[in-house]
Structures are given as C-alpha cells and as structure tokens.
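Read off the chains here:
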Amino acid sequence: MPLYLGLDCSTQSLTACVLDIDEHRRDIVFQSSLQFDEALPAYGTRHGVLPHADPSVVRSPPCMWADALDLMMARLARSGLDLDRLAAMSGSAQQHGSVYCCASADRAWRNLDVRQSPGEQLADSLARPVSPVWLDSSTSRECAELTAAVGGSDALAQTTGSRAFERFTGPQIRKVFKTEPAAYASTDRIHLISSFLASLLAGHHAPIDPGDGSGMNLMDLATNEWWPPAVEASAPGLAAKLPPISPSSTIVGTLSAYWQRRHGLPPSRIVAWSGDNPCSLIGTGLVREGNVAISLGTSDTIFGLMREPRVDAGGTGHVFGAPTGEFMGLTCFSNGSLARERVRDAFGLTWRQFSDALGATAPGNDGRILLPWFEPEITPAVAHPGARRYGLDAGDAAGNVRGVVEAQQLALARHSQWMGVDVRTIHATGGAAANRVILQVMADVFGADVYQFDVGNTACLGAALRAFHADVIAAGGSIEWADVVRGMAEPVAATRIRPDPDRHAMYNELMRVHAACESHALGRGGEPGEAIQRFRQRTPSSKSTTS
Ligand code: XUL
C-alpha cells in the first residue's frame, strides 16, 4: 500500500507528513517540523526572514529552503518507515516569493554531489542569493506602474483575481528589473518558492500551478495562462523567463538521483507544488462551496472554495485557483501571529498567561480598540507600521491582549464580506488555532460554529492529499475530491465551539466601532469617539468569558 509525502515550506519552518492510505484505513504515520532559525542558524534569519534596515524589505535565502529540505529528508530516512512504498510527494510553500535562477540551474540540480547538502552547491546557479517573500511591502511604486499599464485596478483584478499588491510577484519582479538590472539580465527562469522546490526535487524545471500562479498579478484566471499585458508591463523579456502553468495534479517527474542516493529514497512521483493557502483549502476539507477556513499562522488568512471567480470590488481580497480546478477567495492579514507575539512579548507573558488574560477580560473590551499594525499591514493597506490604540492604555496588559485578538477577528469578519458567504461553520487551523479562548472570540464575532483539526499543519496535509489525488489520476484511476479528503481533512466534531448569541450581537455593534477606528487611522474618517460612546450606551459591559 502506498505512502504519500507532503511538505510545507512556510515563512518560519519546514514541515513534513506522510500518509499511509489503503482501502480501509488512512493514517498519518510521520510528522516532523523544523524551524529555520534554529535548524540552520548560519543563514542568519529571524523568524525565517533576513533582518533589514527598511521594514518594508523582507527576504529569505532560497539555499536555506534547499538545506531544510535536505534535513527533513534525512529525518524521513531515519523514520523507520518502509520508504520503498513512497509513491508520490507534493508540497506547499508560502505564496508570492520568487527565486531567480540562472541558465545553469537545471544542470546544478541534476549534478548535485550526493556527499554534500544542496544549499552551497546551488549558490552559483542563482542570479540573486535572496528571494523577496510575502511580507515584503516595498513595491508600491511598481504596483502603481503595473496598474496604470494594464488600464487600472479593476481591469487587473477582473483578469488576474486581485488588484496590484506589493507582495505579489509581478510587482516584485518589476522592482528587481529596475533596481538590479544585471541580476535580472542573468536570470533565465523565475520560479515561485513552490515551483523552485519541486524543480529541485525533480532535477529539472517544474511548472507553476494555477493556485500559486494566481498570486502573481500575472495570470489570467479564466484561461490559466500568463496574461501578456501584465507580463509585458512588469519587465521586458519576462514571458521567456516564466515557467509554464500546469494543473495542480501535474506529475512533474520522479525524485532525482541526488535525493534517491543521498537519503535512500525510491523514484517517487513528484507532483506539482502549490501555495500554502490552496493546499490548506484541501487540508481543511473545503472541497465544497459554503464553509470557510481561518488560518491563524504567521499571516492570518480567511478562505473558502468558490465555484465562480467573484472578484472583490473593495480591493482587499484575492481570487486564486483552487487545486480542484475551481477557485478560492482569500483575504490575508500580515499581522497574524506576528502581532499576537508582539503583545505577548511586550508584557513578558507566556501563552498560558496570554490566554488567562483574554479569558479574564470582558468581551467587547468596553469599546476600546487596538489596530495591531505592528508590521506593515496588507488588509487594509498600511505602509507605515505602528499599533493604533483607541481608548486603550498601551500599558494595560489584559486590555491589549483582548484588544489584539478582538481586532483581528473583527477585521477577518469585515474584510471577508466580499466573498458573499453566509459563514455558519469555520474550520480553524494554524498554530494559534490550538487556543480555544481565541476561537471562542472567533465564534462570537462571526456567530458561527468553530471546529479544530487533529493535524496542526493543514497545508502540509493538503500537500500530501494532493500527492495522493494526482497519483491515483496518473495511474489511470479517478477519484472525487470529497473522497480524497474523507476521514483525513475533517474537523474533529468534539472540538465544536458554539457562538454566544448575546456576545455575537455585541460584536455586531463593535464592528461599527472597529470600522470607524480603521477609517480614522487610515485618514479617511473623523475621530471615532462618538461611535465608541454609542457602543457603550447600547451594550452594558459584558462579563468575562471565564467568570
Ligand atoms: C497569502 C499570503 C500568505 C502567505 C504566507 O496571500 O500572502 O498567506 O502565503 O502564508
């Protein structure tokens, strides 16, 4: 019976899981994770990215991801699993980041010396030693240039699924072309992190899948092909540097001789990699329209499957390709775990104390709002970082803990209304989804049932399930997506957290206060004092959730 490997190269870590699948049983038989900062300190990252004087410039070294893959394969080789059964593998990677490869790249992947780790051996085949990642927000000018060249934001969003966003790959490539012309000229192929790692495993260039391709501002969602006006407006000669786009279930090749010999692995099928959010869609079992998932990771994201690509007129959301061949709606917030950690650290709290403080404070925080823009924010667009507080003392530990959690959930709810989904059930995933006090706030804000998952990393699970799906298809079989996820990517029924109707009504009021504070902070509205007063009059102070 076959084994399937899923990998997830996220901002801060690399995770692997192996599925053992037969007709009657499906088990996860291996799970492992490594943090880049700890496992590969020589690369000098902090939280997986390289320190930079300008907070808008955020980059990581691609050689570090290659070495992380090597460490993980070594762990897999020592796992005691019968790896001859490893039929296929696929992966998930943080979206949007780009890797600039020289013409020598595929030769370098094929000729890697099995006695050495891959990182150093790849250095000469990269036109740039660093990749901009999704946290980078340094391309506002390039976004404006791309938008103007294709006839405006609406035209760009209607065709590619998103207006121009700083982290999206088209504007990022344009910045490299403008600021590092020599590096751009010596770039033969530009990969996403997902297609780069798939290429490294296969030993030749892998395609980009529509899930990750739609995070570039370069792909026509209707045809799953590069959109010439956007490609030409991004940088000269770019069309020849982009890999082809192929369906997510494409078999890219087999595991290259390097990985087979170095770790004693079989010639397993390599399935195209995708972005972490498209993979999480599968890993949270969202193969039908209706429910949404909220991932509380380095970024907080809310997403769900869409049969038709309904584009966000408000300009905050994205439509991506889904691994099922359909679409997914998504809104992304950069101040996810980053902001929760900032508040925790500012008051020297442990996560336990953070939860206790949240449980001991009254829902609604008496109308006090914390806009947690510690880092440049994506939704709404905030270029100059800094938390904004309304009625909240910066020294009030418990008030700030509740403030950050409530503001994040209110923002998730408000900025996802464009998807037009009546949210009844939320599949919660990501590291902070282990915290049920946070999930109670989520349930109350959305007025929806929230469920947790057994598997911590649903992007990784989604990648393994995608490997399974593609392998069945490649063997000439057929399988419905509902059968792919059955018994694996299902929330645990016993974890259900129900919303409290009174608190939900209160949060509907608080949403107006949040909107007023946000408008004020963005310079689009007056002081929100009146909105706060109105909230206090209408909602007599609620009790804490643990009292
Ligand atoms: C989505 C986004 C992030 C990254 C990192 O658009 O930028 O969710 O994929 O997780």
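Because the structure is a prediction, the values reported are computed rather than measured. (Residues numbered from 1 in each chain as written. Predicted model: local features only at pLDDT ≥ 70, side-chain atom pairs only at ≥ 80, totals over all residues. Heavy atoms only, no water.)

**Q** Which residues make up the overall build of the protein, and what values go with them?
**A** A tally of helices and strands in the protein yields 21 helices and 21 strands. In terms of overall size, the protein behaves like a compact globule, its C-alpha atoms giving a radius of gyration of 23 Å where 547 residues would be expected to give roughly 24 Å. When the backbone C-alpha atoms are referred to their principal axes, the protein occupies close to 70 × 55 × 45 Å. Looking at the protein residue by residue over its 547 residues, the buried ones come to 61%. Counting only carbon and sulfur atoms, one obtains 48% of the accessible surface of the protein, whose full area is about 20,000 Å². With 47 positive and 57 negative side-chain charges, the protein shows a separation of 2 Å between the mean positions of the two kinds. (Helix = DSSP H or I, 4+ residues; strand = E, 2+ residues; numbered from the N terminus. Rg over C-alpha atoms; globule rule 2.2 N^0.38 Å. Buried < 20%, exposed > 50% of the residue type's maximum accessible area, 1.4 Å probe, protein only. Areas by Shrake-Rupley, 256 points an atom, 1.4 Å probe, with all protein chains shown as cover. Lys, Arg positive; Asp, Glu negative; His and termini not counted. Charge placed at Lys NZ, Arg CZ, Asp CG, Glu CD.)

**Q** With reference to specific residues and values, describe the nonpolar core.
**A** In this structure, Leu-218, Trp-226, Leu-238, Ile-426, Met-442 and Phe-446 are the most contacted members of the largest nonpolar core, which totals 81 residues. Residues Leu-197, Leu-255, Tyr-258 and Ala-272 belong to the second largest nonpolar core, which totals 67 residues. (Core = buried A, V, L, I, M, F, W, Y, C linked by side-chain atoms within 4.5 Å.)

**Q** Requested: an account of the side chain of Glu-509, with residues and values cited.
**A** Of note, Glu-509 is situated in helix 20 (residues 501-521). In this structure, Glu-509 is in contact with Phe-535, Arg-538 and Thr-539, ignoring residues within four places of it in sequence. (Contact = heavy atoms within 4.5 Å.)

**Q** Tell me what's going on with helix 20, and back it up with residues and numbers.
**A** Helix length check: helix 20 (21 residues) gives 30 Å between terminal C-alpha atoms against 30 Å at 1.5 Å per residue, within 8%. Turning to helix 20, its buried residues number three or more, namely Arg-503, Met-506, Tyr-507, Glu-509, Leu-510, Met-511, Val-513, His-514, Cys-517 and Glu-518. Contacts from the buried residues of helix 20 go to strand 18 (369-371), strand 19 (388-390), helix 16 (397-414), helix 17 (436-446) and helix 21 (529-538). Regarding helix 20, its N-cap is Asp-500, as a side-chain oxygen of that residue lies 3.0 Å from the backbone nitrogen of Asp-502 further along. At the exit of helix 20 stands Gly-523, carrying a positive phi of roughly 75°. (Expected span 1.5 Å × (residues − 1). Polar contact = N/O pair within 3.5 Å; in protein donor to acceptor, adjacent residues only side chain to side chain.)

**Q** Describe in detail the packing of helix 15 (residues 351-360) against helix 17, supporting the description with residues and values.
**A** Relative orientation of the contacting elements helix 15 and helix 17 amounts to 40°, with a least axis distance of 9 Å. Between helix 15 and helix 17, the contacting residues are Phe-354, Ser-355, Leu-358 and Gly-359 on the first element and Val-437, Ile-438 and Val-441 on the second. Here the residues of the contact of helix 15 with helix 17 are counted per class, giving five nonpolar, two polar and no charged. (Axes fitted to C-alpha atoms, helices over the stretch in contact; angles between N-to-C directions. Nonpolar A, V, L, I, M, F, W, Y, C, P; charged D, E, K, R; others polar.)

**Q** How would you sum up the packing of aromatic side chains? Please name residues and give values.
**A** Geometrically, a pair of aromatic rings is defined through the distance of the ring centres and the angle of the planes. Under the counting rule described, the total for this entry stands at seven aromatic pairs. Here Phe-168 and Phe-320 contribute two aromatic rings whose centre-to-centre distance is 6.3 Å and whose plane-to-plane angle is 35°, an arrangement assigned as tilted. With Phe-168 in the loop between helix 6 (153-160) and helix 7 (169-179) and Phe-320 in strand 16 (residues 318-321), this residue pair connects regions lying 152 residues apart in the sequence. Overall, the relative accessible area of 0% leaves Phe-168 in the buried class. A relative accessible area of 0% means that Phe-320 is categorised as buried. In this structure an aromatic cluster arises from ring pairing among Phe-165, Phe-168 and Phe-320. (Phe/Tyr/Trp six-rings, centres within 6.5 Å; stacked < 30°, edge-to-face > 60°.)

**Q** So what's going on with empty space enclosed by the protein? Residues and values would help.
**A** Sizing a probe to match a water molecule and rolling it over the atoms shows the empty space that remains. Using the criterion set out here, one finds three cavities of 30 Å³ or more in the structure. Breaking the lining of the largest cavity down by element, the ones donating at least two residues are helix 16 and helix 20. Here the residues of the lining of the largest cavity sort into eight nonpolar, four polar and three charged. In this structure, the second largest cavity spans a volume of roughly 50 Å³. Glu-509, Arg-512, Val-513, Ala-531, Arg-534, Phe-535 and Arg-538 are the residues that line the second largest cavity. The set of elements that each furnish at least two residues to the lining of the second largest cavity consists of helix 20 and helix 21. Of all the elements, helix 21 adds the most residues to the lining of the second largest cavity, at four residues. (1 Å grid on protein atoms, 1.4 Å probe; cavity = no way out; pocket = protein on both sides within 12 Å on 5 of 7 lines; lining within 4 Å. Points joined across faces, edges and corners; volume = space filled by probe spheres on them.)

**Q** I'd like a rundown of the site of the ligand, residues and numbers included.
**A** Every residue near the ligand is listed here: Gln-94, Gln-95, His-96, Trp-134, Arg-167, Asp-276, Asn-277, Ser-299, Thr-301, Phe-320, Leu-330 and Cys-332. One of the side-chain nitrogen or oxygen atoms of Asp-276 is found 2.5 Å away from an oxygen atom of the ligand. Taking Asn-277, its side chain carries an N or O atom lying 3.1 Å from an oxygen atom of the ligand. Coverage of the ligand by the protein chains reaches 96% of its 290 Å² of free accessible surface. Those elements giving two or more residues to the shell around the ligand turn out to be helix 13 (276-283) and strand 17 (327-333). (Near = heavy atom within 4 Å.)

**Q** Give a detailed account of the state of the cysteines, specifying residues and quantitative values.
**A** Structurally, a disulfide amounts to a covalent bond that connects the sulfur atoms of two cysteines. Evaluated as defined, the whole model comprises zero disulfides. Cys-143 forms no disulfide, and the closest cysteine sulfur to it belongs to Cys-332, at a distance of 14 Å. The exposure class of Cys-332 is buried, given its relative accessible area of 4%. (Disulfide = S-S within 2.5 Å.)

**Q** Tell me about the environment of Ser-131, and please be specific about residues and values.
**A** Note on placement: Ser-131 falls in strand 7 (residues 131-132). Between the C-alpha atom of Ser-131 and that of Tyr-258, which follows or precedes it by 127 residues, the distance is 24 Å. In contact with Ser-131, not counting residues within four places along its chain, are Val-58, Arg-59, Ser-60, Pro-62, Trp-65, Ser-98 and Val-99.

**Q** An account of the sheet that holds strand 17 is needed here, citing residue identities and associated values.
**A** The six strands lie next to each other as 16-17-15-14-20-21, forming an open sheet whose pairing is mixed. Of all strands in the sheet, those bounded by a partner on one side alone are strand 16 and strand 21 (449-451). Looking at each pair of strands side by side, their axes are set apart by 30° on average, direction ignored. Here helix 16 sits on the sheet and contacts strand 14 (292-296), strand 15 (300-306) and strand 17; the angle it forms with strand 14, its principal contact strand, is near 145°. On the sheet, helix 17 packs against strand 14, strand 15, strand 20 (425-429) and strand 21 and is oriented at approximately 145° with respect to strand 14. (Pairing = 2+ DSSP bridges.)

**Q** Describe the pattern of salt bridges, and please don't skip the residues or the numbers.
**A** This model, assessed by the stated rule, comprises 27 salt bridges. A salt bridge links Arg-269 to Asp-471, with the shortest nitrogen-to-oxygen separation between them at 2.7 Å. On the criterion of sequence distance, the pair formed by Arg-269 in strand 12 (residues 269-271) and Asp-471 in helix 18 (residues 458-474) is long-range, its members being 202 residues apart. A salt bridge links Arg-503 to Asp-444; its shortest N-O distance comes to 2.5 Å. (Salt bridge = Lys/Arg side-chain N within 4 Å of Asp/Glu carboxyl O.)

**Q** Summarise the packing of helix 2 (residues 62-77) against helix 9 (residues 193-202); cite the residues concerned and give the values.
**A** The geometry of helix 2 relative to helix 9 is characterised by a closest axis approach of 11 Å and an angle of 50° between their N-to-C directions. Here helix 2 is positioned oblique relative to helix 9, judged by the angle of their axes. The crossing of helix 2 and helix 9 is right-handed. Seen from helix 2, the contacting residues are Pro-62, Trp-65, Ala-66, Leu-69 and Met-73; seen from helix 9, they are Ile-193, Phe-196, Leu-197, Leu-200 and Leu-201. (Parallel < 35°, antiparallel > 145°, perpendicular 65-115°, else oblique. Left-handed = near helix turned anticlockwise from the far one by under 90°.)

**Q** How would you sum up the side chain of Asn-457? Please name residues and give values.
**A** With respect to the helices and strands, Asn-457 occurs in the loop between strand 21 and helix 18. Polar side-chain contacts of Asn-457 include one of 3.1 Å to the backbone nitrogen of Ala-459. Ignoring any residue separated from it by four or fewer positions in sequence, one finds Asn-457 in contact with Asp-8 and Thr-15.

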